[in-house]
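Overview (structure and organization)
Residues per chain are reported as follows:
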Amino acid sequence: MVDRRQRLGAVLLLCGAALLVTGSVGFADVMADRPGNITVANDPDAYLGVTDNSADSAASISGGNDTGNAYFLDDNAAAFGGASAFDSAVDRIDYDDGTTDTDPGVYATVRDTDAVGLTTSHDYVLQLECKDGATDQGTGYVTVSVTATGDETVDLQRTTNQKLSIDCT
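What comes next is a walk through the structure. (Residues numbered from 1 in each chain as written. Predicted model: local features only at pLDDT ≥ 70, side-chain atom pairs only at ≥ 80, totals over all residues. Heavy atoms only, no water.)

**Some thoughts on the side chain of D74**
- The topology assignment puts D74 in strand β3 (residues 67-75).
- R158 is the oppositely charged side chain nearest to the buried, salt-bridge-free D74, at an N-O distance of 12 Å.
- Here the side chain of D74 touches D123 through a polar contact of 2.9 Å, landing on its backbone nitrogen.
- In this structure, D74 is in contact with Y47, L48, G49, S121, H122 and D123, ignoring residues within four places of it in sequence. (Helix = DSSP H or I, 4+ residues; strand = E, 2+ residues; numbered from the N terminus. Buried < 20%, exposed > 50% of the residue type's maximum accessible area, 1.4 Å probe, protein only. Lys, Arg positive; Asp, Glu negative; His and termini not counted. Salt bridge = Lys/Arg side-chain N within 4 Å of Asp/Glu carboxyl O. Polar contact = N/O pair within 3.5 Å; in protein donor to acceptor, adjacent residues only side chain to side chain. Contact = heavy atoms within 4.5 Å.)

**Concerning the nonpolar core**
- Ranked by internal contacts, the top residues of the largest apolar core, which has 31 residues, are F86, L126 and L128.
- Those elements that provide at least two residues to this core are β1 (48-52), β3, β4 (86-95), β6 (106-112), β7 (124-130), β8 (137-149), β9 (153-159) and β10 (164-167).
- When sequence neighbours within four positions are dropped, the list of residues in contact with L126 reads G68, N69, A70, Y71, S88, A108, T109, V110, V144 and V146. (Core = buried A, V, L, I, M, F, W, Y, C linked by side-chain atoms within 4.5 Å.)

**Quick word on unusual backbone geometry**
- One non-glycine residue, A78, adopts positive backbone phi at about 50°.
- Structurally, the position occupied by A78 is in the loop between β3 and β4.
- We classify A78 as exposed; its relative accessible area is 64%.

**Section: the state of the cysteines**
- Applying the stated criterion to the full structure yields one disulfide.
- Paired by a disulfide, C130 and C168 hold their sulfur atoms 2.0 Å apart. Measuring handedness by torsion sign, the sulfur bridge of C130 and C168 sits at about -85° and is left-handed. Here C168 lies in the segment after β10 and C130 lies in strand β7, a separation of 38 residues in the sequence. (Disulfide = S-S within 2.5 Å.)

**Notes on the pattern of salt bridges**
- Enumeration over the complete set of coordinates arrives at three salt bridges.
- For E129, the salt bridge goes to R111, with nearest N and O atoms at 2.7 Å. With a gap of 18 residues between them, E129 in strand β7 and R111 in strand β6 connect regions that are remote in the sequence.

**Focus on the environment of A83**
- Among the structural elements, A83 can be located in the loop between β3 and β4.
- Apart from residues lying up to four places away in sequence, A83 is in contact with V110, R111, D112 and Y124.

**Describing the sheet that holds β1**
- Strands sit in the order β1-β3-β7-β6 across an open sheet of four strands; the sheet is antiparallel. Each edge of the open sheet carries a strand with a single partner, namely β1 and β6. Mean inter-strand twist for the sheet, computed between neighbouring axes without regard to direction, equals 30°.
- Pairing of β1 with β3, which is carried by five bridges, proceeds in the antiparallel orientation. Bridge pairing in β3 links G49 to D74. (Pairing = 2+ DSSP bridges. Axes fitted to C-alpha atoms, helices over the stretch in contact; angles between N-to-C directions.)

Here you go:
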C-alpha cells in the first residue's frame, strides 16, 4: 500500500513536470495609456533660437502694405544657410471677439534681418503681412508654423505671447 507521503510526492513531481513543459503564466509586455502634456518653451539659445517679439508695436500690422515682426530666429548651429531654408505659415488667429480664423488673410515669411534693414543681433525675422485684397481687422493671438531645413530639420509651431493688432484694410 502506498502511503500518503509517496502519493503527495508523486503529485508534486507531476506538478513540477507540468510546469517545466508548459510556459510561464507571467507576462512579457505591459502597455499603459496615461495622459500627459509636453510643452516646449521659446529658447533663444536653442539649435534654432526663437524670440517672441509680440510685445513690440513693430509686431502688429497697420495697413495693407505693412509688415509685422512677430518673431526673431537665430541659427545657433549654422545649420540652415539662409532665409530660403525656412517655410512658414499663419495657422490661425484667435481674435478678441472669440472667433478663430483658420484661413486668415495674413501670411508669414522668414527673411534675413540685414536684407530688410533691421539693426539687430538676430539672424532672421518672421514677418506677418496681409495677403492681396485681405480685409482682416482685429486684435488677437497669432499662431504660426515654421519648418527650417538644412543640416537638420526643425518643425515648430508658436502662438504669440501678446495679442497683435491686425489691420489689412
